[in-house]
Amino acid sequence: MNSEPAPRAVGHAPTASAAAATTPRRRSMLRAALTGTALIGAGLTVGASSAGATPTGATRSRPTTAQEALRELAAGNKRWRTYRERHPDESPAVRAALTSSQHPFALVLGCIDSRVPPELVFDQGLGDLMTVRSAGEVLDEAVLGSIAYGVLELDIPLVMVLGHQSCGAVKAAVQADLTGEELPAHIQYIADQIKPAIDRSKEGDARVDATIDANVALVRSRLAAEPDLAAKVDEGKLLIVGARYELTSQLVHRVA
Ligand SMILES: [Zn+2]
């Protein structure tokens with residue numbers, strides 16, 4: 001069972017409209033250049049609607065808003081944690097369709113932890129998720145640039161910061177903070193970024209666990225403060241959320 005008291009499922013989200021945008025021509029052209037999409041093909045969707053049936057033969061509608069994206073992630077996580085994965089969007093037709101363009105419906109910023117691959121825990125396939133991963137979901141210029149690319153150039157309507165139970169990066173940051181010990185090489189950068197999230201009201205494992213949630217909230221708020229992303233949020237075209245994956249139950253639930 002999940003150790004969190006009555007966690008909210010990932011799809012239960014604050015409301016935010018993310019209606020399809022009228023895309024300025026300049027941006028369309030830039031996006032076309034970056035993604036290899038011909039302008040006439042810019043509206044093409046991949047997945048069941050344009051690239052044939054899923055392996056199960058069922059069609060699935062592709063999310064175009066943040067709320068639809070959250071619902072699909074929640075549904076996919078449910079398939080994952082109940083061992084009913086569909087492994088969508090892996091078919092020859094989908095692979096062929098994706099050679100000319102991509103239209104991922106969500107961007108997940110997750111940890112590098114080998115036990116939390118976003119495509120697996122959300123049961124998604126090729127072209128569905130843009131994933132950015134760094135230890136402890138820590139931001140740097142490359143991570144910010146990658147997220148900006150997904151949001152500003154590919155018009156992805158949902159960004160999810162995904163932390164997880166027993167995060168080693170958070171544990172190391174809490175430990176280094178306690179001992180004052182310098183971590184080797186660039187690992188210190190990771191710890192320094194997590195440090196402001198350390199929950200000093202708790203001790204031991206409880207401090208690590210609380211800091212995992214606080215770190216997700218911190219990263220989410222840092223992203224929300226990025227001017228270009230904030231503008232998208234204000235226009236109702238982007239939702240930025242924080243979530244956490246439980247290793248014990250395989251449930252993803254919202255924490256920010
Ligand atoms: Zn981790």
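Starting from 1, residues in each chain are numbered consecutively following that chain's sequence as written. Only residues with pLDDT of at least 70 get local features here, since the model is predicted, and only at 80 or more are side-chain atom pairs given and counted; chain-wide, interface and lining totals rely on the full set of residues.

Let us now look at the packing of helix α7 (residues 168–179) against helix α8 (residues 187–194). Across the interface, α7 lies against α8 with an axial gap of 9 Å and an inter-helix angle of 85°. Taken together, the axes of α7 and α8 are roughly perpendicular relative to one another. Across from A169, V170, A172, A173 and A176 in α7, the residues of α8 making contact are I187, I190, A191 and I194. Put simply, Ala, Val, Leu, Ile, Met, Phe, Trp, Tyr, Cys and Pro go in the nonpolar bin, Asp, Glu, Lys and Arg in the charged bin, and everything else, Gly too, in the polar bin. A breakdown of the residues in the contact of α7 with α8 according to their chemical character gives nine nonpolar, no polar and no charged. Simply put, an axis is a line fit to the C-alpha atoms, just over the touching stretch for a helix, and the angle between two N-to-C directions goes from 0 to 180 degrees. Only runs of H or I of at least four residues qualify as helices and only runs of E of at least two qualify as strands under DSSP, and these elements are numbered from the N terminus. Here the angle decides the label: under 35 degrees means roughly parallel, over 145 means roughly antiparallel, 65 to 115 means roughly perpendicular, and every other value means oblique. By the convention adopted here, residues make contact when the C-beta atoms placed from their backbones lie within 7 Å.

What follows covers the UniProt feature "binding site: Zn(2+)" (unreviewed entry) in the protein. UniProt positions are given in the numbering used here, feature names are shortened, and annotations may be inferred rather than shown by experiment. UniProt tags C111, D113, H164 and C167 as "binding site: Zn(2+)" (unreviewed entry). The greatest C-alpha distance among the residues just named is 8.7 Å, despite their covering 57 residues of sequence, which places them together in space. Within the fold, D113 resides in the loop between β1 (106–110) and α5 (118–121). Partly exposed residues are those whose C-beta has more than 12 but fewer than 20 other C-beta atoms within 10 Å; with 20 or more the residue is buried, with 12 or fewer it is exposed, and the C-beta atoms are placed from the backbone. The class for D113 is partly exposed, based on 19 C-beta atoms found within 10 Å. Those residues in contact with D113 that sit more than four places away from it in its chain are H164, C167 and G168. Mapped onto the secondary structure, C167 falls in the loop between β3 (158–164) and α7. Looking at C167, the number of C-beta atoms within 10 Å reads 28, which means it is buried. What C167 contacts, discounting residues up to four positions off in sequence, is C111, D113, G136 and I212.

Before going further, it helps to examine the nonpolar core. The nonpolar side chains of soluble globular proteins are, as a tendency, buried together. Remark: nonpolar core denotes a set of buried Ala, Val, Leu, Ile, Met, Phe, Trp, Tyr and Cys residues whose joining runs through C-beta atoms within 7 Å. With 58 residues, the main nonpolar core has A106, L107, L158, V159, M160 and A173 as its most contacted residues. Among the elements that make up this core, the one with the highest residue count is helix α9 (residues 204–224) (seven residues). Those residues in contact with V159, other than ones at most four positions away along the chain, are L107, L109, I147, V151, L223, L238 and I240.

Per-residue confidence for the protein averages 85 on the pLDDT scale, and 77% of its residues sit at or above 70. Mean pLDDT values for the elements of the protein range from 37 in helix α2 (residues 48–51) up to 99 in β3. This stretch, residues 13–24, has a pLDDT under 50; its non-local contacts, to residues over four places away or in other chains, come to 21 contacts. Here pLDDT means the predictor's own confidence in every residue, given as a number from 0 to 100. Within the model, the stretch residues 36–58 combines pLDDT values under 50 with 51 contacts to residues more than four positions away or in other chains.

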